[in-house]
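Each chain is listed here by its residues.
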Amino acid sequence: MTARDSGIHRIHARRNHSCYGMGLGIIILDEVYPGFPGDVRNASAYPFPIQYEIAEGVDIQNLVRGDDKKALLEPIVRAARKLERMGCRAIAAECGYFAWFQKEIAASVDVPVLASSLLQVPLAQMTIGPERVVGILVAEGDRLSDRHLTSVGVTLGTNYVVHGAKDDGKTPQFDSLWTKDIRPEIPTADYGLAERDIVKVAKDFAAAHPRMGAMVLECTGFQPFGRAIQREIDMPVFSWSTLLDYAYSVTVHRDFYGHV
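To start, this report covers the structure provided alongside it. All figures in this text were calculated on a predicted structure; none of them were measured in a lab.

**Details of the pattern of salt bridges**
- For the structure on display, the rule yields 11 salt bridges.
- Note that Asp175 is salt-bridged to Lys166, the shortest N-O span being 3.4 Å.
- The exposure class of Asp175 is buried, given its relative accessible area of 11%.
- Among the residues examined, Lys166 registers a relative accessible area of 9% and is labelled buried.
- Between Asp197 and Arg196 there is a salt bridge whose closest N-O contact spans 3.1 Å.
- What makes Asp197 buried here is its relative accessible area of 10%.
- Salt bridges linked by common partners bring Arg65, Glu140, Lys166 and Asp175 together as one network.

Here it is in structure tokens:
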């Protein structure tokens, strides 16, 4: 006989929710490029349901590099509300630079919002203590503003350092996926080359800051290589993967089976 969840006896509708048994909703950019398993854009490696919604008109260029982001808020909020209506338990996004809108998205829906991996920076700071620093590895260092950090609860000028993995052209495989003026007509990347480059960048970043006690990977495309990075730098690594696992666990708490 097939077992069922014995805690479910009666079911009832949740207000305005169309679907049930949902997991995390992910706001994705209005772009066409692939992601390796582990990338937030690739749902295949996650152990819980993923529902996507495109923020129409919001691409890498205007989210990351655009100077005026006001026009982006409306399609982002619209995507978040649609995911909520679908029944998603929590909402995340596929780019760490969505941190710009963390407070606005959270205010627009009634489910938890985790718009950026950068939300983990204050936690990482607390876990390593004030004498060590958190390394924040972002895609483009010069595009990370004070607002991105303060919007997710980071106190400016505290124990963190920032480095851009794509700065100086050191990760061409990621440029081939994400950089509009460089990538080919059909965006493509090689796993081995991408891993080699991002691991070297992370290793050099850690070596440049001997007091580094943890690293936070801002970009959704970095966590496929999170374990490889950790093998080299031998410290806690926070990524989108750790954030999404946490988000699901607090919204769909697991039960416990064992013995005494």
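**Description of the environment of Gln61**
- Inspection of the secondary structure assignment puts Gln61 in helix H1 (residues 60-65).
- Note on Gln61: relative accessible area 36%, which makes it partly exposed.
- Sequence separation between Gln61 and Thr220 is 159 residues, and the spatial gap between their C-alpha atoms is 16 Å.

Conventions adopted
- Per chain, the residues get numbers from 1 upward, laid out in the order the sequence is written.
- Reporting in this predicted model follows two pLDDT cut-offs: at least 70 for local features of residues, and 80 or more for side-chain atom pairs to be given and counted; totals over whole chains, interfaces and linings ignore these cut-offs and use all residues.
- Heavy atoms from the whole structure form the basis of all side-chain values; hydrogens and water molecules are not counted.
- A side-chain nitrogen of Lys or Arg and a carboxyl oxygen of Asp or Glu constitute a salt bridge if their distance falls within 4 Å.
- The classification of residues rests on relative accessible area computed with a 1.4 Å probe and restricted to protein chains. Under 20% of the type maximum is buried, over 50% is exposed, and intermediate values are partly exposed.
- Each helix corresponds to a stretch of at least 4 residues labelled H or I by DSSP, and each strand to a stretch of at least 2 residues labelled E; elements are numbered beginning at the N terminus.

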